[in-house]
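Take a look at the letters that make up each chain.
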Amino acid sequence: MPPNCKRENAWSEKESSCLLELWDEENIEEQLEDPARQNQSIYKKLSSQMKKRGFFDKNDEQCKVRMRTLKRSYRLCKTRLNTSGKNRQLCKYYHQLNEILGSRPATSPVKVIESMTSKKRVESDDANSDDSDKKLIVTVMKLKMSTSR
């Protein structure tokens, strides 16, 4: 970066920590997953809450971008942790992000289906889950067919 260019509105550690606290306290992730809600109002609420805590220079768009960046960093970190080798490191806010995002199906799938062949059987601990397993396989196959079109 040229010496005269300055990265404006970079997030300090205190600002990021405040955003993470609000993200967790307010159940923001659940609200963002609700298709009936307007997400922009959630980011405005976050910005407003940050102003109440003394961080006046972060608007709703900046909160949205920072959250997206933190999510990306968390997912990348989780992927790297699943590989073997040296230099496996946690991202800066890994533990806080894991509290917020760790139980989401997108980051920790409930079941993993390795193959979509009709003969493949999904193993389950529940003895009465044969019907639910079949429904899950059918649903996944339908989703796969609809996304491949």
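Each remark here, short or long, concerns the structure printed above.
Read on for a plain summary of the structure. Remember, predicted model here, so these are calculated numbers, not experimental data. (Residues numbered from 1 in each chain as written. Predicted model: local features only at pLDDT ≥ 70, side-chain atom pairs only at ≥ 80, totals over all residues. Heavy atoms only, no water.)

A few words on the overall build of the protein chain. Helix and strand counts for the protein chain come out as six helices and zero strands. When the 149 residues of the protein chain are sorted by exposure, 29% land in the buried category. Of all intrachain contacts in the protein chain linking residues separated by at least 6 positions in sequence, the fraction that spans at least 24 positions is 55%. Accessible area of the protein chain: about 11,200 Å², with a carbon and sulfur share of 48%. (Helix = DSSP H or I, 4+ residues; strand = E, 2+ residues; numbered from the N terminus. Buried < 20%, exposed > 50% of the residue type's maximum accessible area, 1.4 Å probe, protein only. Contact = heavy atoms within 4.5 Å. Areas by Shrake-Rupley, 256 points an atom, 1.4 Å probe, with all protein chains shown as cover.)

Within the largest apolar cluster, 24 residues are counted, with the highest numbers of intra-cluster contacts made by L19, W23, L46, M50, M67 and L97. Contributions of two or more residues to this core are made by α1 (13-25), α2 (28-33), α3 (39-52), α4 (60-81) and α5 (94-101). Sequence-distant contacts of L46, that is, excluding residues within four places in its chain, are made with L19, L22, W23, I28, C63 and M67. (Core = buried A, V, L, I, M, F, W, Y, C linked by side-chain atoms within 4.5 Å.)

Okay, the environment of L19 next. Tracing the sequence through the fold places L19 in helix α1. C-alpha separation for the pair L19 and M50, spaced 31 residues apart in sequence, amounts to 7.2 Å. Not counting chain neighbours up to four residues away, the residues in contact with L19 comprise W11, L46, M50, C63, R66, M67 and L70.

Where α1 meets α5, the axes come as close as 10 Å, and the angle between the chain directions of the two elements is 20 degrees. As summarised for this structure, α1 and α5 are arranged roughly parallel, according to the angle between their axes. Of the two possible hands of crossing, α1 and α5 adopt the one that is left-handed. Between α1 and α5, the contacting residues are L20, W23 and D24 on the first element and Q96, L97, I100 and L101 on the second. (Axes fitted to C-alpha atoms, helices over the stretch in contact; angles between N-to-C directions. Parallel < 35°, antiparallel > 145°, perpendicular 65-115°, else oblique. Left-handed = near helix turned anticlockwise from the far one by under 90°.)

Turning next to the environment of L76. With respect to the element layout, L76 can be found in helix α4. A sequence separation of 15 residues divides L76 from C91, and the C-alpha atoms of the two residues are 8.7 Å apart.

Scanning the entire structure with this criterion turns up one aromatic pair. The ring centre of W11 lies 4.8 Å from the NZ or CZ of K58, which sits over that ring. (Phe/Tyr/Trp six-rings, centres within 6.5 Å; stacked < 30°, edge-to-face > 60°. Lys NZ or Arg CZ within 6 Å of the ring centre and 35° of its normal.)

Right, let's talk about α1 for a bit. The end-to-end C-alpha distance of α1, which contains 13 residues, comes to 18 Å, matching closely the 18 Å that a straight helix rising 1.5 Å per residue would cover. Residues E15, S16, S17, C18, L19, L20, L22 and W23 constitute the buried set of α1. Buried-residue contacts for α1 involve α2, α3, α4 and α5. Note on α1: the residue one or two positions beyond its end, N27, has a positive phi of about 50 degrees. (Expected span 1.5 Å × (residues − 1).)

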